[in-house]
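Breakdown of the fold
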Amino acid sequence: MTSASPQGSPSPAQSGSGSPAPVTAAFGVLVSPADGQDLYTVSLVGVDGKVVASAQASSPATVSCGDAAAAVLPLPVSTSNSRAYFLDAQGAVRFLAPGGDTGRATTVPAGAARRSMFAVSPNDSRIAVVVNDYTSSGASTRLYVEDLRGGGHHVDIFSESGVYTLWPAGWHGTNNLVVAKVPACTQGGGPFCCGPQELHVIDPATAVRRFTLGSPTCKIAGPPSAAGAVCETDAQADVVNWTATTTRAFAIPGPAFAYISPNGDQVALVGGADTTIQESNRTLAGLQACGWIDDTHVFSGGDAQHQPRVGNVTTGGVVPVAAQGQCGGRLPGGL
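1. Things to note about the side chain of His-297
On the secondary structure map, His-297 appears in strand S29 (residues 297–300). Within the structure, His-297 has its side chain in polar contact with the side chain of Thr-296 (distance 3.1 Å). For His-297, the contacting residues outside a window of four places in its chain are Val-47, Trp-292, Val-310, Gly-311 and Asn-312.

Here is the structure:
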């Protein structure tokens, strides 16, 4: 089941080839909780805080690693430079554009103990899919890449089994696939226990690794952007680009979620209930950022007790968002 609702600006024009045109404005993606709910909602939010489009889909089945541990899963969403893509319970990958256009793009494997995770290329031509089968000892992982439309040029490029698995984190251009190394299962833990430990830039045809961002001693502290990512020790944060070069470093008082702006010029650090922009030392009080919409706006997620908001890091202004959910990325979505 899926439904869509346009609520604002028109969708980008479609090209004659049937491929969607890239967005000309930036949007944040909010994703309401999927686990334990019949339906979940994907909302596209502008820098003014307005919801321009939303869609609902049936929630993928909950999976676990036996009775004692939970599977570590990303949100069932990916973004290209034109659309947000989201998964339903039957394994259908659907799309939502800023004007409310929606439809079915492809299908990925689904099952009771199986979860597929995916990343669509920026130009909407290819999809990378990780298929995980979870057991009490971890996950059996398979990674393949194929055409988004029709499933042609399919190639299985990697497989493994064990306590670690991969998430497809996105594409850097169309010739570099970014996958995250993550623990397959968790029983709880400290900061950064249950998300990406490293980011691997790989060849999408062979899975040969080209670069590694992060390490066991400098763990990834937030989702990457087109500029790279931030990794942290207990006392220092390193800004790392897509060739694994540390471009700058700064001291931190302890682990904090860190989000790098799309152009790489600013880092949003979340401590307690507030967000501080490291370069300007501006604090957005009461806003716990979980991503950037563009180079001057961050946004936060929320639930029944917390209102999502958009913050302007230049002026310090904050506006509410009339939707609920966690940050699920941004449009345009290339890394």
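2. Details of the state of the cysteines
What the rule picks out here adds up to three disulfides. Covalently, Cys-65 is tied to Cys-185 through a disulfide, its sulfur atoms 1.9 Å apart. What sets the handedness of the Cys-65 and Cys-185 disulfide is the S-S torsion sign, and at about -85° it is left-handed. On the criterion of sequence distance, the pair formed by Cys-65 in strand S5 (residues 64–65) and Cys-185 in strand S17 (residues 185–186) is long-range, its members being 120 residues apart. By relative accessible area, which is 3% here, Cys-65 ends up buried. The disulfide that involves Cys-290 links it to Cys-327, with 1.8 Å between the sulfurs. On the sign convention where negative means left-handed, the S-S torsion of about 65° between Cys-290 and Cys-327 marks this disulfide as right-handed. Of this pair, Cys-290 sits in strand S28 (residues 289–294) while Cys-327 is found in strand S32 (residues 326–331), placing the two residues 37 residues apart along the sequence. We note that Cys-290, like Cys-327, is buried.

3. A few points about the nonpolar core
In this structure, Tyr-134, Leu-143, Leu-177, Leu-199, Ile-202, Leu-213 and Trp-242 are the most contacted members of the largest nonpolar core, which totals 35 residues. Where this core is concerned, the elements lending two or more residues are strand S6 (69–71), strand S11 (114–120), strand S12 (126–135), strand S13 (138–147), strand S15 (164–171), strand S16 (177–183), strand S18 (198–202) and strand S21 (229–232). When residues of this core are assigned to their parent elements, the largest contribution, five residues, is made by S16. Discounting residues that sit within four places of it in the chain, Leu-199 has contacts with Ala-169, Val-178, Val-179, Ala-180, Phe-211, Thr-212, Leu-213, Ile-220, Pro-224, Ala-229 and Trp-242.

4. Remarks on the confidence of the model for the protein
Of all residues in the protein, 93% attain a pLDDT of 70 or more, and the chain-wide mean is 92. Segment residues 6–17: pLDDT under 50, and 26 contacts once partners within four positions in sequence are set aside and those in other chains are kept.

Analysis parameters
Residues numbered from 1 in each chain as written. Predicted model: local features only at pLDDT ≥ 70, side-chain atom pairs only at ≥ 80, totals over all residues. Heavy atoms only, no water. Helix = DSSP H or I, 4+ residues; strand = E, 2+ residues; numbered from the N terminus. Polar contact = N/O pair within 3.5 Å; in protein donor to acceptor, adjacent residues only side chain to side chain. Contact = heavy atoms within 4.5 Å. Disulfide = S-S within 2.5 Å. Buried < 20%, exposed > 50% of the residue type's maximum accessible area, 1.4 Å probe, protein only. Core = buried A, V, L, I, M, F, W, Y, C linked by side-chain atoms within 4.5 Å. pLDDT = per-residue confidence, 0-100.

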